[in-house]
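Observations on the three-dimensional arrangement
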Amino acid sequence: MPKIKTFLSPVAMAGLLFLLVAAPTATRGAEKNSNFILELTHQIFKRTEAPGAAKRRVAGELPYSRNRKFLELLSGENIEFTALPTKPEWEEKLIPIRIPIRKGLQGYRLFFINRQDQNMLSKVSTLEDLKKLPTGSGAQWSTTTSLEAAGFTVMTAPGNDELFKMLGLRRFITFSRGIDEIYFEHAQWVTEYPFLAVEQEIALFFPHPIYYFVTPKRPDLAERIERGLRGMISDGSFDRLFLKYYSDAIARARLDKRTVISIPNPLLGPQTPLDDPSLWLNSSHIFGAKADEGTVLIR
């Protein structure tokens, strides 16, 4: 396969509202994702500011759990919109803006493994090969639903710390994380778990869109957000912002040198815009090559 194209230089975290303060490596991945959404939202509202434009009546959103956010969005009193991975109930009862705001990036998954297992993983070339290896996942993660539906043997735990302990005990062989997460987390945890390594040969993919969801009480606000997003896509500023934050993670993952194996996401509805390549990190960005059966090059 051709080498991956050279993207922009690694992210320079700048901007009046979006500076990253010095922070432990443990939080840098989460901060990058949060700051990307903050800057994207700021640009959407800035470019759509006009007399008569729908106003934000609530300043921001409170640090609620996902289930609580759903209830708050239904009422529209304390939260008017948020950005989260899609779920059927959210698409049904809220106003989804079906533009994957991180271009499906987190759907590209690399694996944490024991260092000693790299030789074994290097022999994996198909989905059936990969499914023979038990895998770990968070008990409440949407990833778990996709893995189980695809036929993986999945061992679950509440969070990363427990999963790393189980990986060390060889309760499972692989543990997937998004390419925007895995390198930060490896740096965070490898001192405590020195066996920990990022697998080098394969990646897993399932479509994993993160949408803006708007309270059903504010269709005018949903229209403004979607109009701003589509304007950014049309003039290229959306891709420029995306690459500002994520070009380093894409390049480091070396997806062009990996076998990328796909599974479906059973949480997606029929209106998911899978046929619009402008909305996704796709084969023209990374591969430019055909896929073998059991391997996907994203549309």
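Criteria and thresholds
Residues numbered from 1 in each chain as written. Predicted model: local features only at pLDDT ≥ 70, side-chain atom pairs only at ≥ 80, totals over all residues. Heavy atoms only, no water. Pairing = 2+ DSSP bridges. Helix = DSSP H or I, 4+ residues; strand = E, 2+ residues; numbered from the N terminus. Axes fitted to C-alpha atoms, helices over the stretch in contact; angles between N-to-C directions. Core = buried A, V, L, I, M, F, W, Y, C linked by side-chain atoms within 4.5 Å. Buried < 20%, exposed > 50% of the residue type's maximum accessible area, 1.4 Å probe, protein only. Contact = heavy atoms within 4.5 Å. Polar contact = N/O pair within 3.5 Å; in protein donor to acceptor, adjacent residues only side chain to side chain. pLDDT = per-residue confidence, 0-100. Phe/Tyr/Trp six-rings, centres within 6.5 Å; stacked < 30°, edge-to-face > 60°. Lys NZ or Arg CZ within 6 Å of the ring centre and 35° of its normal.

Let's shift gears to the sheet that holds strand E2 (residues 95-97). The three strands lie next to each other as E1-E9-E2, forming an open sheet whose pairing is antiparallel. Of all the strands in the sheet, just strand E1 (81-85) and E2 have a single pairing partner and so form its edges. Each strand of the sheet is rotated relative to its neighbour by a mean of 35°, with strand direction disregarded. Summarising the sheet, E2 and strand E9 (residues 210-214) pair through three bridges and their orientation is antiparallel. Within the sheet, the bridge partner assigned to Ile95 lies in E9 and is Val214.

For the rest of this paragraph, the subject is the nonpolar core. In terms of nonpolar packing, the biggest core is built from 52 residues, with Leu40, Tyr212, Ile225 and Leu229 touching the most fellow members. Excluding residues within four positions of it along the chain, Leu40 makes contact with Ile101, Tyr212, Leu229, Met232, Phe238 and Leu241. Counting 18 residues, the second largest nonpolar core, distinct from the first, contains Leu147, Ala150, Phe152 and Ala197.

Further remarks concern the side chain of Thr86. Residue position: Thr86 is located in the loop between E1 and helix H3 (88-93). The exposure class of Thr86 is buried, given its relative accessible area of 5%. There is a polar contact of 2.5 Å between the side chain of Thr86 and the side chain of Glu91. Here Thr86 is in contact with Arg66, Glu91, Pro209, Tyr211, Phe213 and Leu268, once residues within four sequence places are set aside.

With that settled, consider the environment of Arg68. Residue placement: Arg68 occurs in helix H2 (residues 66-75). Looking at Arg68, its side chain comes within polar contact range of the side chain of Glu72, at 2.9 Å.

A word on the pairing of strand E3 (residues 108-114). Consecutive side chains along a regular strand alternate between the two faces of the sheet. Among the seven residues in E3, seven count as buried, and that is most of the element. Two elements, E3 and strand E8 (residues 202-205), share two bridges in a ladder whose sense is antiparallel. Within the sheet, the bridge partner assigned to Arg109 lies in E8 and is Leu204. Pairing geometry for E3 and strand E7 (residues 196-198), over three bridges, is antiparallel. Bridge pairing in E7 places Phe112 opposite Val198.

Mean pLDDT over the protein stands at 84; residues scoring 70 or higher make up 84%. Element-level mean pLDDT values for the protein span from 50 in helix H11 (residues 283-286) up to 98 in E2. For the stretch residues 1-27, pLDDT sits under 50, and the model shows 56 contacts to residues farther than four places along the chain or on other chains. This model gives residues 287-299 a pLDDT under 50, and the stretch forms 37 contacts once residues within four places in sequence are excluded.

Each pair of aromatic rings is reported with the distance of its centres and the angle of its planes. One pass over the full model with this rule turns up 18 aromatic pairs. Plain terms: the ring middles of Phe45 and Phe81 are 5.9 Å apart, the flat faces sit at 25° to each other, and that makes the pair stacked. Pair noted here: Phe45 is in helix H1 (residues 25-47) and Phe81 is in strand E1, with a separation of 36 residues, a long-range link. Given the relative accessible area of 11%, Phe81 is considered buried. Following the ring pairs from residue to residue traces out a cluster consisting of Phe112, Trp141, Phe164, Phe175, Trp189, Tyr193 and Phe195. Sitting over the face of the ring of Trp90, Arg66 holds its NZ or CZ atom 4.4 Å from the ring centroid.

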